[in-house]
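Chain by chain, the residues run as shown.
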Amino acid sequence: MTISTTLWVLIATVFVTYFAISWIYKKLGILNLKHALMIRNGLLFLNMKHVLGIMIFGVFFYFTWTEFQFTLNTIEIAPLHVLIPYLILLFVSALLAYRNSNGDESEYSESGYYSFSKAWGYFMLRLLFLLAYEFFFRGVIFFSLLEHFSLWEAIAYNTLLYVLIHAFDSRKELFGSIPFGVVLCLFTYFTQSVWYAFIMHATLSTVYEITIFYKQTKTTILS
């Protein structure tokens, strides 16, 4: 078995493992932060999932396959023709995330098992998870695909896997992951770093989830 084959076997194993865990979490009714906040120990289970993702997506591949470390160890200011579209899309992502989080006030419950003070620990783990997540998808998988396929083929296959891992999310998130996945791959390719993808992903996720966290814990914020 060659190193390349070993790598793909490990990628497939990690992907299937996390996909199976996501299916289990669906059965438990803990699909995302909105659900976790309304279930006793839901946030704890969601944090456990994030820790697992950090280990298998990030720590494992970072120290096992050192040839991908450059995607995390290097970050430079992108040229203007890349940086300007990036900043525009970053702003648009934050705006869309905020608008979606305020889409329907009736979706937010008036009480839950958590106060807003629990947000700090959650978001620290969440950000580390997203960094490991981007390292796995846009670092390890994407650059491995580039060794065997053209740019657009690599983007297509990477986005397909990215959509598949969102199979248990809402329909809006599932379809939204298609253009978002393509954009993240492009910025990773042009910057040779996962940091730009991480910052955009983290911005979208944090703006959306901070609003969710606040609205679903507003009656317990002083507890």
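Thresholds applied
- Residues numbered from 1 in each chain as written.
- Predicted model: local features only at pLDDT ≥ 70, side-chain atom pairs only at ≥ 80, totals over all residues.
- Heavy atoms only, no water.
- Salt bridge = Lys/Arg side-chain N within 4 Å of Asp/Glu carboxyl O.
- Helix = DSSP H or I, 4+ residues; strand = E, 2+ residues; numbered from the N terminus.
- Buried < 20%, exposed > 50% of the residue type's maximum accessible area, 1.4 Å probe, protein only.
- Phe/Tyr/Trp six-rings, centres within 6.5 Å; stacked < 30°, edge-to-face > 60°.

A.B. asks: With reference to specific residues and values, describe the pattern of salt bridges.
C.D. replies: The final tally for this structure, using the stated rule, is 2 salt bridges. In this structure, Arg 126 engages Glu 209 in a salt bridge whose closest nitrogen and oxygen atoms are separated by 3.4 Å. In this pair, Arg 126 is assigned in helix α6 (residues 119-146) and Glu 209 in helix α9 (residues 195-216), connecting sequence segments 83 residues apart. When sorted by exposure, Arg 126 lands in the same class as Glu 209, which is buried. The salt bridge involving Glu 134 is made with Arg 138; its shortest N-O contact spans 2.8 Å. Note that Glu 134 and Arg 138 are positioned in helix α6 at a spacing of 4 residues, about one turn of the helix.

A.B. asks: Explain the packing of aromatic side chains residue by residue, including any values.
C.D. replies: For the coordinates displayed, the defined rule picks out 27 aromatic pairs. Measuring from centroid to centroid gives 5.4 Å for Phe 61 and Phe 136, while their planes differ by 45°, and the two rings are tilted. Here Phe 136 lies in helix α6 and Phe 61 lies in helix α3 (residues 42-64), a separation of 75 residues in the sequence. Relative to Phe 198, the ring of Trp 195 lies with its centre 5.7 Å away and its plane at 85°, an arrangement referred to as edge-to-face. Of this pair, Trp 195 and Phe 198 are both found in helix α9, 3 residues apart, which corresponds to roughly one turn of the helix.

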